[in-house]
Amino acid sequence: MQSIDNLMQQLKLARKIQGLSQKDMLMRIGMSQQQYQRTESAADMRMSTLLRMAEGLGLTLLLVPNTDVKKVIASFNQEKLDVQQNKQDTNWSKVLKDLED
């Protein structure tokens, strides 16, 4: 089972990746910066607050059987690789098309 601290670190990372400050969350989920800061560093919180934070970050909480966690992570990692490969292919396609002209 994931720890609450680990879950909060993931939410904090998602917020930072999206370039959002704690203050930005006010507009997204109607929570003050101070409230959000306390929640992000709390050892425990209400489920409704957790769901609200996830929704504000465009995330979905998902329960996965312990036996399938490695498969799910591998699937996510493969999807990231596929996206990166498609970007590279697109870039090369543009270069090659420019060379044809």
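Within any chain, residue numbers begin from 1 and follow the written order of that chain's sequence. A pLDDT threshold of at least 70 governs which residues receive local features in this predicted model, and a stricter bar of 80 or more applies before side-chain atom pairs are shown or counted, although totals over entire chains, interfaces and linings include all residues. For side-chain calculations, the full set of non-hydrogen atoms in the structure is used, while hydrogens and water are omitted.

**So, helix 1 (residues 4-17)**
Taking 1.5 Å per residue, 14 residues should reach 20 Å; helix 1 reaches 20 Å between its end C-alpha atoms and fits that length. The cut-offs for exposure are 20% and 50% of the maximum accessible area for each residue type, with area from a 1.4 Å probe on protein chains only; residues under the lower value are buried, those over the upper are exposed, and the others partly exposed. In DSSP terms, a helix is any run of H or I states spanning at least four residues, a strand is any run of E spanning at least two, and both are numbered starting from the N terminus. Of all the positions in helix 1, only Leu7, Met8, Leu11, Ala14 and Arg15 are classed as buried. End-on, the buried residues of helix 1 take up no more than an arc of 120°, which puts them together on one face. Opposite its buried face, helix 1 presents the exposed residues Gln9, Leu13, Lys16 and Ile17, each directed more than 90 degrees away. Two residues qualify as a contact provided that any one of their heavy atoms is within 4.5 Å of a heavy atom in the partner residue. Lining the buried residues of helix 1 we find helix 2 (25-29), helix 3 (33-41) and helix 4 (47-56). Just downstream of helix 1 lies glycine 19, where phi reads positive at about 70°. How far a helix is expected to stretch is found by multiplying one less than its residue total by 1.5 Å. Arc definition: directions from the helix axis to the C-beta atoms.

**A closer look at the nonpolar core**
We define a nonpolar core as any set of buried Ala, Val, Leu, Ile, Met, Phe, Trp, Tyr and Cys residues linked to one another through side-chain atoms lying within 4.5 Å. Formed by Leu7, Met8, Leu11, Ala14, Leu20, Met25, Ile29, Met31, Tyr36, Leu50, Met53 and Leu57, the largest nonpolar core amounts to 12 residues. Of all the elements in the fold, those that place two or more residues in this core are helix 1, helix 2 and helix 4. Not counting the four nearest positions on each side in its chain, leucine 57 is found in contact with Leu11, Ala14, Arg15, Gln18, Leu20, Met25, Arg28 and Tyr36.

**A short note on the confidence of the model for the protein chain**
The pLDDT value tells you how sure the predictor is about a given residue, anywhere from 0 up to 100. For the protein chain, mean pLDDT is 80; residues scoring 70 or higher make up 81% of the total. Averaged over each element, pLDDT in the protein chain is lowest for helix 5 (residues 69-100) (72) and highest for helix 4 (89).

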